[in-house]
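Understanding the architecture of this molecule
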Amino acid sequence: MSEDAAERARAAVDAVYRAESRRVLATLIRLLRDFDLAEEALHDAFTAALEQWPLEGVPANPRAWLVSTGRFKAIDGLRRRSRFDASLDQLAQRLDADAPESGGGDPGVEDDRLRLIFTCCHPALALDGQVALTLRTVCGLTTEEIAHAFLTQPPTLAQRIVRAKAKIRDAGIPYEVPTRADLPGRLDGVLHVIYLVFNEGYSASSGASLTRPDLSAEAIRLGRLLVELLSEPEAAGLLALMLLHDSRRAARTSAAGELILLDDQDRSLWNRNQIAEGAALVERALASRRFGPYTLQAAIAAVHAESPSASATDWAQIVGLYDVLLRADPSPVVELNRAVAVAMRDGLAAGLTLIDAIFARGELTDYHLAHSARADLCRRLGKTRDARISYERALALTRQAPERRFLERRLRELLSLMPRR
Amino acid sequence: MRYLCLIYDEEQKVGALSQKESEAFMGEYFAFTDAIKKSGHYVGGEALQPVNTATAVRIRNGKVSTTDGPFAETKEQLGGYYLINARDLNDAIQVASKIPSARLGTIEVRPIQEFEQPQ
């Protein structure tokens with residue numbers, strides 16, 4: 001095989017890793033009935049691919065090749081270790097006796113990743129463990145990335161994952177999609193986790209790029225799968241919310257990678273197909289009268305999406321929707337967003353009063369978007385000194401390069417307006 | 001897998017039931033026990049007398065110490081248990097959710113630690 005072909009095979013392994021590693025892992029967990037064993041097997045399978053594909057060519061079905069290689073290596077590894085621990089040999093025999101197709105006969109759902117996500121989001125696990133484990137295993141985020149997203153330390157995050165895996169194993173949490181009777185109750189946790197994944201992709205917690213489209217696409221794919229599986233309005237509401245946010249992706253950053261706020265975005269860049277699909281889902285969910293917070297947020301996003309310009313936005317309707325949302329799901333972040341909408345409806349000062357009231361309760365003081373929202377209102381009110389303090393606070397709390405540049409730009413503009421002493 | 005379902009009730013709440021309510025509650029327990037015997041989940045189970053009958057036994061400095069109690073500072077007290085055989089945690093949760101006290105108190109579902117028998 002030529003150098004060139006070897007290079008192509010290595011590139012193929014990389015591409016397959018990005019596209020398929022999570023699916024392969026999900027299937028390996030089902031076959032090996034153990035998260036850690038499956039992770040090890042996944043690693044071994046890709047190591048084997050790196051060795052063999054450049055020599056033998058890329059197999060016709062890379063995913064199937066990786067699953068069977070990983071499974072074989074795991075069983076082989078158990079056999080070798082069984083010299084020291086006889087129980088491992090029994091385990092290896094049991095796993096070997098299972099045909100790889102076994103356990104795949106659950107009605108309706110063939111997707112191992114859906115099985116994986118329902119297991120990772122099992123309510124018997126601590127919520128922070130559910131989120132961490134899902135992001136780690138379903139989405140393949142690093143512990144570091146997850147820790148950043150949740151403003152916590154990587155070792156703490158790693159601990160949560162270890163604890164969650166141990167409980168799945170020791171308490172006998174099954175690797176399955178819940179029965180239809182249990183499904184609606186189990187859905188809330190899953191929706192919560194999917195939305196967190198989406199946000200990680202839509203507004204990456206750190207690094208050079210503002211967004212990581214793969215993760216958002218992954219969350220949307222998972223959202224679609226849930227909508228297909230269930231007639232639950234909130235699943236449709238969440239999918240709508242993600243689509244409506246995602247529709248603005250191309251308009252959110254400039255060619256140079258700079259952040260562009262909603263008001264300043266070129267609306268012709270918004271993805272009309274995603275908006276149409278999102279708006280239709282919102283209507284369907286609202287009509288069901290069994291909707292919740294995701295549907296309400298999606299309804300707000302739909303008002304923005306269907307408004308021809310920023311100035312033509314129906315702020316009264318948006319404030320009204322935030323009022324309902326605040327009753328359904330009270331949170332300081334919702335209050336902050338409502339305050340910004342009130343600023344647009346009733347005047348900047350009214351919005352500023354509401355934001356300051358949130359800070360006065362000691363809430364959102366570490367949330368950079370709260371400080372940048374306050375800074376923006378102060379700037380537009382001509383309160384330059386207050387604006388500067390808030391921009392600086394926001395800057396100190398932001399890890400994301402494009403957001404940092406945006407805040408630094410605003411701060412420079414502001415300083416050029418300030419009288420020199 | 002085997003799971004122990006620990007039944008925590010508020011003794012005050014249960015004690016406050018009228019005789020008729022109390023009989024109905026007991027009837028539910030008998031029906032539940034029959035049902036999990038039929039379904040094959042049942043391994044064992046008992047109700048306990050109220051927590052004021054409890055005695056704490058410890059050995060300290062080689063001497064047996066016996067005291068009244070222990071009385072935890074919680075509203076709910078251990079009032080009984082079922083030992084069940086279940087396919088997995090989801091199956092055990094299904095069973096636990098049908099224990100009549102799940103409506104009044106809390107059922108704690110704990111997997112049994114299985115030790116390998118020495119050969």
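From a predicted model like this one, the values you see are computed outputs, not experimental measurements. (Residues numbered from 1 in each chain as written. Chains lettered and ligands numbered in written order. Predicted model: local features only at pLDDT ≥ 70, side-chain atom pairs only at ≥ 80, totals over all residues.)

Broken down by element type, chain B carries 3 helices and 6 strands. For chain B, the α and β elements follow one another from N to C terminus as β-α-α-β-β-β-β-α-β. By principal-axis analysis of the C-alpha atoms, chain B measures approximately 50 × 50 × 20 Å. When each of the 119 residues of chain B is scored for burial, the buried share is 18%. Counting contacts in chain B only where the partners sit at least 6 residues apart, residues at least 24 apart contribute 77% of the total. (Helix = DSSP H or I, 4+ residues; strand = E, 2+ residues; numbered from the N terminus. Buried ≥ 20, exposed ≤ 12 C-beta atoms within 10 Å, placed from the backbone. Contact = placed C-beta atoms within 7 Å.)

Counting secondary structure elements, chain A contains 20 helices and 0 strands. The dimensions of chain A, computed from C-alpha atoms along their principal axes, are 75 × 55 × 40 Å. By residue count, 39% of the 421 residues in chain A fall in the buried class. Counting contacts in chain A only where the partners sit at least 6 residues apart, residues at least 24 apart contribute 60% of the total.

Looking at chain A, the pLDDT average stands at 87 and 92% of residues meet or exceed 70. Contacts of residues 102–109 of chain A to residues separated by more than four positions or lying in other chains number 9 contacts, the stretch itself having pLDDT below 50. (pLDDT = per-residue confidence, 0-100.)

This part is about the interface of chain B and chain A. Between chain B and chain A, the contact holds 5 residues from the first and 6 residues from the second. Partitioned by chemical class, the residues of the side of chain B that touches chain A number 3 nonpolar, 1 polar and 1 charged. (Nonpolar A, V, L, I, M, F, W, Y, C, P; charged D, E, K, R; others polar.)

Let us look at the sheet that holds strand β1 (residues 2–9) of chain B. Residue and element names in this part refer to chain B. Taken in spatial order, the 4 strands line up as β2-β5-β1-β6 in an open sheet, and their pairing is antiparallel. At either margin of the open sheet sits one strand with a lone partner, and together these are β2 (42–47) and β6 (106–111). Each adjacent strand pair in this sheet contributes to an overall mean axis angle of 20°, direction not counted. Both β2 and strand β5 (residues 77–85) contribute to a ladder of 5 bridges, which runs antiparallel. Counted as the bridge partner of Gly44 is Leu83 from β5. Across the face of the sheet, helix α3 (residues 89–97) comes into contact with β1, β5 and β6 while running at roughly 150° to β6. (Pairing = 2+ DSSP bridges. Axes fitted to C-alpha atoms, helices over the stretch in contact; angles between N-to-C directions.)

This brings us to the domain arrangement of chain A. Residue and element names in this part refer to chain A. The domains assigned to chain A are domain 1 (3–97) and domain 2 (112–230). Centre-to-centre, using C-alpha coordinates, domain 1 lies 23 Å away from domain 2. Across the contact, 12 residues belong to domain 1 and 12 residues belong to domain 2. Considering each element in turn, the side of domain 1 that touches domain 2 owes the most residues, 8 residues, to helix α1 (residues 3–32). Tallied by class, residues from the side of domain 1 that touches domain 2 come to 4 nonpolar, 2 polar and 6 charged. (Domains from an automatic or database assignment.)

Glancing now at helix α3 (residues 62–81) of chain A. With 20 residues, α3(A) should reach 28 Å at 1.5 Å per residue; the first-to-last C-alpha distance of 28 Å fits that figure. Those residues of α3(A) not exposed but buried are A:Leu66, A:Val67, A:Thr69, A:Gly70, A:Arg71, A:Ala74, A:Ile75 and A:Leu78. (Expected span 1.5 Å × (residues − 1).)

Attention shifts here to the confidence of the model for chain B. The share of residues in chain B with pLDDT of 70 or more is 98%, and the mean pLDDT across the chain is 92. Predicted complex, confidence summary: ipTM 0.86, pTM 0.73.

The next thing to look at is the nonpolar core. All names here are of chain A. Counting 122 residues, the largest nonpolar core has Leu28 and Ala240 as the members making the most contacts within it. Tallying contributions element by element places α1 first for this core, with 10 residues. There are two domains that each give this core at least three residues, and those are domain 1 (3–97) and domain 2 (112–230). The residues contacting Leu28, other than those within four sequence positions of it, are Ala38, Ala41, Leu42, Val67, Gly70 and Arg71. (Core = buried A, V, L, I, M, F, W, Y, C linked by C-beta atoms within 7 Å.)

In this section: the packing of helix α14 (residues 293–305) of chain A against helix α15 (residues 315–328) of chain A. Residues and elements named next belong to chain A. The geometry of α14 relative to α15 is characterised by a closest axis approach of 10 Å and an angle of 170° between their N-to-C directions. Classified by the angle between their axes, α14 and α15 sit roughly antiparallel to one another. On α15, the residues that touch Pro293, Leu296, Gln297, Ala299, Ile300 and Val303 of α14 are Gln317, Ile318, Leu321, Tyr322, Val324, Leu325 and Ala328. Grouping the constituent residues of the contact of α14 with α15 by class yields 11 nonpolar, 2 polar and no charged. (Parallel < 35°, antiparallel > 145°, perpendicular 65-115°, else oblique.)

Next up on the list: the environment of A:Arg289. Residues and elements named next belong to chain A. Residue placement: Arg289 occurs in the loop between α13 (272–288) and α14. Residue classification places Arg289 among the exposed residues on the basis of 7 C-beta atoms within 10 Å. For the pair Arg289 and Pro233, spaced 56 residues apart in the sequence, the C-alpha separation amounts to 8.5 Å.

Before going further, it helps to spend a moment on α14(A). Residue and element names in this part refer to chain A. Here α14 is 13 residues long and its end C-alpha atoms lie 18 Å apart, about the 18 Å a rise of 1.5 Å per residue gives. With respect to burial, α14 is a largely interior element, 12 of its 13 residues being buried. Looking at α14, one finds that the buried residues are Pro293, Tyr294, Thr295, Leu296, Gln297, Ala298, Ala299, Ile300, Ala301, Ala302, His304 and Ala305. Structurally, α14 contributes buried residues whose contacts are with α9 (183–202), α11 (233–246), α13 and α15.

Turning next to unusual backbone geometry. All names here are of chain A. Unlike most non-glycine residues, Arg33 shows phi in positive territory, near 55°. With respect to the helices, strands and loops of the structure, Arg33 is situated in the loop between α1 and α2 (35–56). Taking the C-beta count within 10 Å as the criterion, Arg33 has 17 such neighbours and is therefore assigned partly exposed. Phi is positive for Arg289, which is not a glycine, with a value near 65°.

Let's shift gears to the packing of α11(A) against α13(A). Residue and element names in this part refer to chain A. Contact geometry for α11 and α13: axes closest at 8 Å, N-to-C directions at 155°. It follows that α11 is roughly antiparallel to α13 by the angle criterion. Note on packing geometry: the crossing formed by α11 with α13 is left-handed. Residues Pro233, Ala236, Gly237, Leu239, Ala240, Leu243, Leu244 and Asp246 of α11 form the contact with α13, whose participating residues are Gln274, Ile275, Glu277, Gly278, Leu281, Val282, Arg284, Ala285 and Ser288. Residues belonging to the contact of α11 with α13 are distributed by class as follows: 10 nonpolar, 4 polar and 3 charged. (Left-handed = near helix turned anticlockwise from the far one by under 90°.)

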